[in-house]
Amino acid sequence: MFPRPIEQQSQAIRIGYQVALPIALFLWLLPLIGVAITSVKPASDLAAGNYFGMPSAIAVNNYAEIFTQSPIGQYIWNSFKVTIPTVIGTLVLSCLTGFALGIYRFRGNIWIFFMFVAGNFVPFQILMVPVRDMTVNLGLYNTTTGLVLFHVAFQTGFCTLFMRNFIRALPRELIEAARVEGVSEFRIFWYVVLPLMRPAIAALSVLIFTFIWNDYFWATVLTTSKETQPVTAGLYSLNGQWIAQWQLVSAGAIVAALPPVAMFFLMQRHFIAGLTLGAVK
Amino acid sequence: MSIAISDTHSRRTWWRENQQKLTPYIFLIPGVLFFLVYVIIPIFESFWLSGYDWDGLGAKTWIGLDNYRELFDDEAFYTSLKNNVLWLVLYMLAVPAGLGIAIFLNQKVRGIRAYKSLFFFPFVISQVVVGLIFAWFYAPNFGLFYNLIEWATGSGIAILADPNLVTYGIIAAGLWPQIAYCMILYLTGLNAVDPEQIEAARLDGAKGFRMLWYVILPQLRPATFMAVVVTVIGALRSFDLVSIMTDGGPFGSSRVLSFYMFEQALSEYGYRMGYGAAIAVILFLIMMVFISGFIWKMVDDERKGL
């Protein structure tokens, strides 16, 4: 283990480490802690110059106010309407492509694989004008469906990479054995491989949920009205309305961050397994 | 009747004989189709559109390389390009910083798991929220950072209003989640480091920095590769923070190519799709330099693995 385990060090170092941990964490999360505290401060505190001290009262009504005075509830609902279908669509497509690329040897396998991989790296901006134009022509501009279709297509690249590598690592004997038994390829996919892919599916669903929830660029490019905009794009316009009302901006920011944060803490193991794919040989 | 039976029978055997060949293609069709339509073809379309003068609605006029000629004379383009270089260089700090935090946290004391998750936290929240958090942090007169500087030097600095400092301020905000990302990659990598090699090196008297440099880092190569890849991509995609924190200002001094492209193509100053596409092409070409390197390495690994 590197560095040397702290238990093997002198007591002074051990205590020093235990003290340093919370201090380092506090400094690391300082901006976030500041915003969290601001979000429960009454407006009068800020007006009176109490920026850093403890709030004079816990103003839960900041949260009530953003839900009643702004369309943030609608924005959050829109985010769900974009995120959940995207997760499902991407998983369906990438289970299929991952299976095809992970199990079979055929001409062009590696080239199709690298098409998916390379497509992942492109800057979004090169896709912006054509994708927006296409969405307009399909009559899907400013709809959640238009946004979902693009996200599904783009995320399929990353998910195919993930699924294919995952399937490659499965024991091949299972598939060979099923073939010898005369099981058809479709049934092998459904009854043999798919059940084994559960961990990969779990990891990708959390990751994609977070990526799509947090997407801002495509939300601003493909949606424009409060009936369709996800919460990231919504926060941008609310930020314009709430100039200098930091208690509201902070509360809005916290609310927008909550769903992916909850997802992360609930499914941490899967999340990290997905993110660190390839970090270990 | 008998003909019909033998017909379905022969079709069935044909399928049975060829299903191993055909199944991969059937499975690939939907995914590949989607990806071609929404990702691969638009890349070429953007190249093509960059030769047009087009407002996104009316007729397109072919103007050849005029968009690029205009671009190379455009002050704002150079500002954006310069900022992109700054982003690339400074964003790389996330890699050693992430390694540093990972080493700091790679212990087995009580509660360390919770510490690791909380250190990772900034990566989970949206860049829009990160941008708002840092906008508050930097805000003149009452922002925490502003006050710290005022307390330390006597006069506060409004980072986001200063054309010379604004980009550094935004990059610092971007580093926060990026360091967290690199940290988690290295924590996973450190977990897989071979303990026997470390023990052997310890017996040889290696420790501290020499141990890190000669024994640990070579074993962390896959993690380092990933960290560099995601950091380069992150640096070139830096759009969200610029848009949220400054909208490119003050006086356009914090623009980056991705933001300037968006501004030209879709802003209130009028839709200039062709010009925007030309900026996107430049950004894409810069990215290509890196992508081809990454892909090259991946193809190489793949060949060795086969």
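Because the structure is predicted, anything quoted here is derived from the model rather than measured.

Undergrad: Describe the domain arrangement of chain B, with residues and values.
TA: Annotation of chain B at the domain level lists domain 1 (2-49) and domain 2 (67-305). Each of domain 1 of chain B and domain 2 of chain B was reduced to a C-alpha centroid, and the two centroids are 40 Å apart.

Undergrad: Residue-level account of unusual backbone geometry, with values.
TA: All names here are of chain B. In the segment running from Gly 249 into Pro 250, the intervening peptide bond is cis, with an omega of -5°. Relative to the helices and strands, Pro 250 is located in the loop between helix H12 (240-245) and helix H13 (257-266). The backbone of Asp 247 sits at a positive phi, close to 55°, despite the residue not being glycine. Following the sequence through the fold, Asp 247 ends up in the loop between H12 and H13. One non-glycine residue, Phe 251, lies in positive phi territory at about 55°. Residue position: Phe 251 is located in the loop between H12 and H13.

Undergrad: Residue-level account of the interface of chain A and chain B, with values.
TA: Put simply, an interface is often sized by how much accessible area is lost when its parts join up. With 80 residues of chain A at the contact, the number on the chain B side is 81 residues. For the side of chain A that touches chain B, the per-class residue count stands at 59 nonpolar, 19 polar and two charged.

Undergrad: Break down the confidence of the model for chain A for me, with residues and values.
TA: Put simply, chain A has an average pLDDT of 90, and 99% of its residues get 70 or more. Ranking the elements of chain A by mean pLDDT puts helix H3 (residues 43-47) of chain A last with 79 and helix H5 (residues 72-103) of chain A first with 96.

Undergrad: If you had to explain the UniProt feature "domain: ABC transmembrane type-1" (unreviewed entry) in chain A to someone new, which residues and values would you point to?
TA: If you check UniProt for "domain: ABC transmembrane type-1" (unreviewed entry), the listed places come out as residues 76-267 of chain A in our numbering. Counted over residues 76-267 of chain A, helix gives 81% and strand 0%. Its end C-alpha atoms are 21 Å apart.

Undergrad: Describe the UniProt feature "transmembrane region" (unreviewed entry) in chain A, naming the residues involved and giving the relevant values.
TA: Residue and element names in this part refer to chain A. According to UniProt, the positions carrying the feature "transmembrane region" (unreviewed entry) are residues 12-37, 82-103, 110-128, 148-167, 188-213 and 246-267. Measuring from the first to the last C-alpha atom of residues 110-128 gives 27 Å, for a span that is 84% helix and 0% strand. Secondary structure content for residues 246-267 is 95% helix and 0% strand, and the end C-alpha separation is 31 Å.

Undergrad: Describe the environment of Ala 76 of chain B, with residues and values.
TA: All names here are of chain B. With respect to the helices, strands and loops of the structure, Ala 76 is situated in helix H3 (residues 75-91). When the 17 C-beta atoms within 10 Å are taken as the criterion, Ala 76 is described as partly exposed. Residues Ala 76 and Gly 252, 176 residues apart in the sequence, show an inter-C-alpha distance of 7.2 Å. When near neighbours in sequence (up to four residues on either side) are disregarded, Ala 76 contacts Gly 252, Arg 255 and Tyr 260.

Undergrad: Report on the environment of Val 215 of chain B, specifying residues and quantitative values.
TA: Residues and elements named next belong to chain B. Mapped onto the elements of the fold, Val 215 is located in helix H10 (residues 208-219). Sequence spacing of Val 215 and Gln 197 is 18 residues, and the spatial spacing of their C-alpha atoms is 7.6 Å. Here Val 215 is in contact with Gln 197, Ile 198, Ala 201 and Ala 206, once residues within four sequence places are set aside.

Undergrad: So what's going on with the confidence of the model for chain B? Which residues, and what values?
TA: Residue and element names in this part refer to chain B. Summary statistics for chain B give a mean pLDDT of 89 and a share of 95% for residues scoring 70 or more. Across chain B, the element-wise mean pLDDT spans from 84 in helix H1 (residues 2-49) up to 96 in helix H4 (residues 94-105). Here the prediction assigns the complex a pTM of 0.91, and the interface score ipTM is 0.90.

Undergrad: I'd like a rundown of the UniProt feature "transmembrane region" (unreviewed entry) in chain B, residues and numbers included.
TA: The UniProt record annotates "transmembrane region" (unreviewed entry) at residues 22-44, 85-106, 118-139, 165-190, 211-236 and 275-296 of chain B. Taken as a whole, residues 85-106 of chain B contains 86% helix and 0% strand, while its terminal C-alpha atoms sit 33 Å from one another.

The rules behind the values
- Numbering of residues starts from 1 in every chain and runs along the sequence as written.
- Working convention: letters from A go to chains and numbers from 1 go to ligands, in the order in which they are written.
- Where local features are concerned, this predicted model is filtered to residues with pLDDT of at least 70; where side-chain atom pairs are given and counted, the filter is 80 or more; whole-chain, interface and lining totals use all residues.
- Start and end points for every domain follow an automatic or database-based domain assignment.
- In this description a helix means any DSSP run of H or I spanning at least four residues, a strand means any run of E spanning at least two, and both kinds are numbered starting from the N terminus.
- By the convention adopted here, residues make contact when the C-beta atoms placed from their backbones lie within 7 Å.
- Each residue is assigned to one of three groups, with Ala, Val, Leu, Ile, Met, Phe, Trp, Tyr, Cys and Pro labelled nonpolar, Asp, Glu, Lys and Arg labelled charged, and all others, Gly among them, labelled polar.
- The predictor attaches a confidence to each residue, and that confidence, scored 0 to 100, is pLDDT.
- UniProt positions are given in the numbering used here, feature names are shortened, and annotations may be inferred rather than shown by experiment.
- Three exposure classes are used, based on other C-beta atoms lying within 10 Å of a residue's own C-beta, which is placed from the backbone: buried for 20 or more, exposed for 12 or fewer, and partly exposed in between.

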